[in-house]
Amino acid sequence: MRGFLIGRWQPLHNGHLTIIREIASEVDELIIGIGSAQRSHTTKDPFTAGERIMMIIKTLKKYDFPYYVIPIKDIEFNAVWVSYVEALTPPFDVVYTGNPLVRELFVERDYIVKKPKLYNRKEYSGSEVRKRMINGEEWKHLVPKEVVDVICEIDGENRIRRLNKSDCEV
Ligand code: NAD
């Protein structure tokens, strides 16, 4: 059985890693979609698809399960989005998501859709991690060590702070 999990992973955090590992133990192969692959360099979506792929592959290196990472750009056509995803990915039997729109679109196409358990949603959240980076607060304990390494390599913390400045401050 092959499972599909899509996220923006902006950035990959410990909640994401926990569900990826749980799902991987339920399926034979896991397809990880990098959603909004065209987006980067905004305070909401600071990291490129390539940077997010690095975060995932480096983090999952120490775990032994088969997975694919597929970048998926957004399209302004929700009604055909599932067909679009199917055209880009290996076939899959079950979808895992906590995102209501993703759930709705796959349920309407008769997929089995499972909702992963949420872990420490208050802190394990992409928006919380990004907010802490902008405010100079501690964020590194909320993400895998490999993600810290990638963000350091690309100077991502300073990127998101620069992106947050108004034009008067630049
Ligand atoms: P996300 O990175 O916020 O979350 C990924 C998954 O992790 C979700 O299932 C979420 O429920 C889960 N998660 C988050 N925090 C967690 C925690 N603390 N514990 C456990 N699980 C946690 O990404 P997302 O918003 O779900 O990504 C959906 C993607 O699909 C987006 O890129 C969106 O644009 C894309 N999409 C595109 C279209 C279109 O192009 N028309 C339509 C639907 C969805």
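See above for the structure.
The rules behind these values
Residues numbered from 1 in each chain as written. Predicted model: local features only at pLDDT ≥ 70, side-chain atom pairs only at ≥ 80, totals over all residues. Heavy atoms only, no water. Salt bridge = Lys/Arg side-chain N within 4 Å of Asp/Glu carboxyl O. Buried < 20%, exposed > 50% of the residue type's maximum accessible area, 1.4 Å probe, protein only. Axes fitted to C-alpha atoms, helices over the stretch in contact; angles between N-to-C directions. Helix = DSSP H or I, 4+ residues; strand = E, 2+ residues; numbered from the N terminus. Left-handed = near helix turned anticlockwise from the far one by under 90°. Contact = heavy atoms within 4.5 Å. Nonpolar A, V, L, I, M, F, W, Y, C, P; charged D, E, K, R; others polar. Parallel < 35°, antiparallel > 145°, perpendicular 65-115°, else oblique. Near = heavy atom within 4 Å. Polar contact = N/O pair within 3.5 Å; in protein donor to acceptor, adjacent residues only side chain to side chain. Areas by Shrake-Rupley, 256 points an atom, 1.4 Å probe, with all protein chains shown as cover.

S.K.: Any chance you could explain the pattern of salt bridges here in plain terms?
M.R.: Side-chain pairing between opposite charges can occur once the charged atoms of the two side chains come close. A full pass over the atoms with the stated rule returns 14 salt bridges. The shortest N-O distance in the salt bridge between Glu123 and Arg132 comes to 3.1 Å. On the basis of relative accessible area, Arg132 is assigned to the buried category, the value being 13%. Linking Glu128 and Lys131 is a salt bridge whose minimum nitrogen-to-oxygen distance equals 3.4 Å.

S.K.: Help me out: how do you make sense of the packing of helix H2 (residues 49-60) against helix H6 (residues 145-153) in this one?
M.R.: Packed helices, taken two at a time, are described by their axes: the angle between them and the distance between them. In the contact formed by H2 and H6, the axes pass within 8 Å of each other and the chain directions differ by 145°. Crossing of H2 over H6 shows right-handed handedness. Residues Glu51, Met54, Met55, Lys58 and Thr59 of H2 form the contact with H6, whose participating residues are Glu146, Val147, Val150, Ile151 and Glu153. Taken together, the residues of the contact of H2 with H6 sort by class into 5 nonpolar, 1 polar and 4 charged.

S.K.: Sorry if this is basic, but what is going on with the packing of helix H3 (residues 81-88) against helix H4 (residues 100-108) here?
M.R.: Put simply, H3 and H4 touch, their axes get as near as 9 Å, and they point 85° apart. It follows that H3 is roughly perpendicular to H4 by the angle criterion. Along the contact surface, H3 presents Trp81, Val82 and Val85, while H4 presents Val102, Leu105 and Phe106. Considered class by class, the residues forming the contact of H3 with H4 number 6 nonpolar, no polar and no charged.

S.K.: Which parts of the structure should I look at to understand the site of the ligand?
M.R.: The environment of the ligand is formed by 25 residues, the closest being Ser36, Asp74, Ile75, Asn78 and Tyr119. Taking Trp9, its main chain carries an N or O atom lying 3.2 Å from an oxygen atom of the ligand. Separating an oxygen atom of the ligand from a backbone N or O atom of Ile75 is a distance of 2.8 Å. The protein chains hide 89% of the 850 Å² of surface that the ligand would expose on its own. The set of elements that each furnish at least two residues to the shell around the ligand consists of strand E1 (2-7), helix H1 (14-26) and H4. Of the residues that constitute the shell around the ligand, the class distribution is 11 nonpolar, 10 polar and 4 charged.

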